[in-house]
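Listed here are the chains, written in short residue letters.
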Amino acid sequence: MSSALDSAAERFSLDRETLYRIGVYVVMYGLAFLFAIPLFRMFTLSMTPSDQLFGFSWIPGSITVQYWVEIFTGHDLIYRWIWNTLVISTITTTLVLIVDSTVAFALTRLDWPGKRVLFGIIIASFMVPPHVNIIPLFTLITQMGWTNSYWAIILPFTATPLGVFLLVQFFRDIPEELEESARMDGFSTFRIYAQIILPLSLSVITALALFMFVWSWNQYLWPLIVLNNDVAYTLPVGATTLQSVYADDANRLMAGLAVISLPLFVVFLLFQDKLISSVQMQAGTG
Amino acid sequence: MDVKSTTGDASGVTDWVDRETLHGYLFALPYVAVFSVFLLYPLLKGLYMSFFEWDLLQPAQSEFVGIENYVTLLSDPLFWKALKNTAWFVVLTVPSLLIVSMIIALGINRGIKGKKVLQFFYFVPYVMTVSIVGFLWLQLYASNGVFTVYLGRFVGGILTNQAFALPALSLLTVWWQAGFYFAVLLASRQNVPERLYEAAQLDGAGPWRQFWDITLPQMKNAIIFVLIAGTVFQFQVFGQVETMTSGGPNEATITLVYYLYQLGFKTFDLGYGAAVGYVILLILIGVSVLNYAIVGQGVDE
């Protein structure tokens, strides 16, 4: 009798469990569907012939790749923008890794007067949001005659406290013994940094690199200010040129936006998990 | 110590200590140099500039005006409007981001089928540049855009409506940024020990109880991170405004950083702009301190 009741209860709870699972699926797929709409519109509009643009339809009556071809063949500037963005992001990432890892090494593995003060200052600089400084920074860049140059975009945001903080946390946990035995073997400080600490920190370094690369690639406000020559533009700033040229040509504009989004979509597809974990790492910095 | 320093061995030690100090400075130097020139110096110069009516072309000709820029700011209706809009934007955006990314994180954590594909669609907007996002959503909000087609009869032209323009920017910001916060929350959820849930199930706690009694308290640090980082980041909203509304209609979407940008690079009011920049900095520091104070209390409990 009681076992019959038990199994009835079990069946009931099983049903509730199933219902619950269905609910989760509906919410998750429904939300993903909503999230996909903007991208779906970007790609379909970019292939919609101009005579079908006036009304609204989810799926155009006919599609064409004409506008993609136009963007790829008719806009040499886009290749220039890709190149500029690639160079800037690569150099920024490299420099960030160098200056952040050396100072993090000095802060964790070496003992010298003033290191606590410096670490305190770096932590405090977390509070200074990069964009409140743009006016004095701009006067500095103009004084140096760097307008429209790569360095104007690269150097101002090279000293990122975020990277130092992440690396300090990681370096601190590397056991002393490795370093001590290396010193016994006559390793110089630089060799300890380059051949022991860095290789052991590869996971955190690649995550930081990936995050900085995407961040630098997507910078908008600062390049908008220091670049005023379309040959020097990065992709995010170049998008404004596409917008002003194709303001009334939704299909061409969407094709252009899709094309200039492609490089990072590829990076994302290749490194999806790594990129996500690079974001997750930051929560540890509080 | 004294004994050691007299022995021959110890001179090697002191020599080493000096060398370690030297190496410490050398390794810290690149960061300190870049930090001083591009962060510290502009920070101080901004303070200096804010006491002048700054002349862009001939800085030496700038006129010292004392605290006049700060006085002007107090009675500048655009500044207050921008502050109000920014605060409203943060209030609209940050809680929505938290809720949406929390739903996504908890859903993904259930190990449903097609997890990878779902994760792709949730995260991919985050790798897009704000200008591309802005121009894309400008199309969605246009008269033949998907938004207007379905919701136009209720809200009309959403970006030309003073009441709806800012919430419209907030909506796309949630779409654009949710991936970041979802990733953070997912990691945190995965760190919650499963045995807590097993124990709760034995006690007969339903999903809702488990969420309130286990999931939320256990994910507290990540939630706090989302709130603080989200507030500081969304407070600096700029690209959406610049690409989509230029602060309009009728200054309904002008935000602090956008106002700062206009002062510095459209009207070239550099001294006043520097003052506005400083006030934004102070507000943000205030917000952070307040956040930490509140959070600190929460952690003590």
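Given the structure is predicted, the values throughout are model-derived calculations rather than measurements.

1. Topic: the overall build of chain B
- For chain B, the helix and strand inventory stands at 14 helices and two strands.
- Whereas a compact globule of 301 residues would reach a radius of gyration of roughly 19 Å, chain B reaches 26 Å, over 25% beyond that.
- The principal-axis extent of the C-alpha atoms belonging to chain B is close to 85 × 70 × 35 Å.
- Residues classed as buried in chain B amount to 40% of the 301 residues present.
- Excluding contacts between residues fewer than 6 apart, the proportion of contacts in chain B whose partners are at least 24 apart in sequence is 68%.

2. What to know about the interface of chain A and chain B
- Counting residues at the interface gives 73 residues for chain A and 70 residues for chain B.
- The set of elements that each furnish at least two residues to the side of chain A that touches chain B consists of helix 1 (2-45), helix 3 (76-109), helix 4 (115-125), helix 5 (134-143), helix 10 (202-218), helix 11 (221-226), helix 12 (235-245) and helix 13 (250-283) of chain A.
- Tallied by class, residues from the side of chain A that touches chain B come to 55 nonpolar, 14 polar and four charged.

3. Concerning the domain arrangement of chain A
- By domain assignment, chain A separates into domain 1 (2-45) and domain 2 (75-283).
- Each of domain 1 of chain A and domain 2 of chain A was reduced to a C-alpha centroid, and the two centroids are 40 Å apart.

4. Some points on the nonpolar core
- Core analysis: the largest hydrophobic core is formed by 152 residues, its most contacted members being Leu257(A) and Leu185(B).
- Broken down by element, this core gets its largest block of residues, 16 residues, from helix 8 (residues 165-190) of chain B.

5. Considering the domain arrangement of chain B
- Per the domain assignment, the segments making up chain B are domain 1 (2-49) and domain 2 (76-300).
- Once you take the C-alpha centre of each, domain 1 of chain B and domain 2 of chain B turn out to be 41 Å apart.

6. Structural notes on the packing of helix 13 of chain A against helix 6 (residues 130-140) of chain B
- Relative orientation of the contacting elements helix 13 of chain A and helix 6 of chain B amounts to 150°, with a least axis distance of 11 Å. Accordingly, the angle class assigned to the pair helix 13 of chain A and helix 6 of chain B is roughly antiparallel. Here the hand of the crossing between helix 13 of chain A and helix 6 of chain B comes out left-handed. Contact with helix 13 of chain A, carried on its side by Ala250(A), Leu253(A), Met254(A), Leu257(A), Ile260(A) and Ser261(A), involves Ile132(B), Phe135(B), Leu136(B) and Gln139(B) of helix 6 of chain B and no other residues of that element.
- For the contact of helix 13 of chain A with helix 6 of chain B, the per-class residue count stands at eight nonpolar, two polar and no charged.

7. Topic: the environment of Gln218(B)
Residue and element names in this part refer to chain B.
- Summarising the element assignment, Gln218 is placed in helix 10 (residues 207-218).
- Given 17 C-beta atoms within a 10 Å radius, Gln218 is considered partly exposed.
- On a C-alpha basis, the gap between Gln218 and Phe120 in space is 26 Å, while along the polypeptide they are 98 residues apart.

8. As for unusual backbone geometry
Residues and elements named next belong to chain B.
- Notably, Ser246 is not glycine yet its phi reads approximately 50°, a positive angle.
- Examined against the element boundaries, Ser246 turns out to sit in the loop between helix 12 (239-244) and helix 13 (256-265).
- Residue Asn250 is not a glycine yet carries a positive backbone phi of 55°.
- Along the chain, Asn250 turns up in the loop between helix 12 and helix 13.
- Asn250 gets classed as exposed once you count the C-beta atoms within 10 Å, which come to 11.

9. What to know about the confidence of the model for chain A
- Averaged over every residue, the pLDDT of chain A is 87; the share at 70 or more is 94%.
- When pLDDT is averaged over each element of chain A, helix 3 of chain A comes out on top at 94 and helix 1 of chain A at the bottom at 79.

10. A short note on the environment of Ala105(B)
All names here are of chain B.
- Topologically, Ala105 is positioned in helix 4 (residues 77-109).
- Classification of Ala105 by C-beta neighbours within 10 Å gives buried; the count is 24.
- Separated by 83 residues in sequence, Ala105 and Ser188 place their C-alpha atoms 9.2 Å apart.
- Setting aside residues no more than four positions away along its own chain, Ala105 makes contact with Phe182, Leu185, Leu186 and Arg189.

The rules behind these values
- Residues numbered from 1 in each chain as written.
- Chains lettered and ligands numbered in written order.
- Predicted model: local features only at pLDDT ≥ 70, side-chain atom pairs only at ≥ 80, totals over all residues.
- Helix = DSSP H or I, 4+ residues; strand = E, 2+ residues; numbered from the N terminus.
- Rg over C-alpha atoms; globule rule 2.2 N^0.38 Å.
- Buried ≥ 20, exposed ≤ 12 C-beta atoms within 10 Å, placed from the backbone.
- Contact = placed C-beta atoms within 7 Å.
- Nonpolar A, V, L, I, M, F, W, Y, C, P; charged D, E, K, R; others polar.
- Domains from an automatic or database assignment.
- Core = buried A, V, L, I, M, F, W, Y, C linked by C-beta atoms within 7 Å.
- Axes fitted to C-alpha atoms, helices over the stretch in contact; angles between N-to-C directions.
- Parallel < 35°, antiparallel > 145°, perpendicular 65-115°, else oblique.
- Left-handed = near helix turned anticlockwise from the far one by under 90°.
- pLDDT = per-residue confidence, 0-100.

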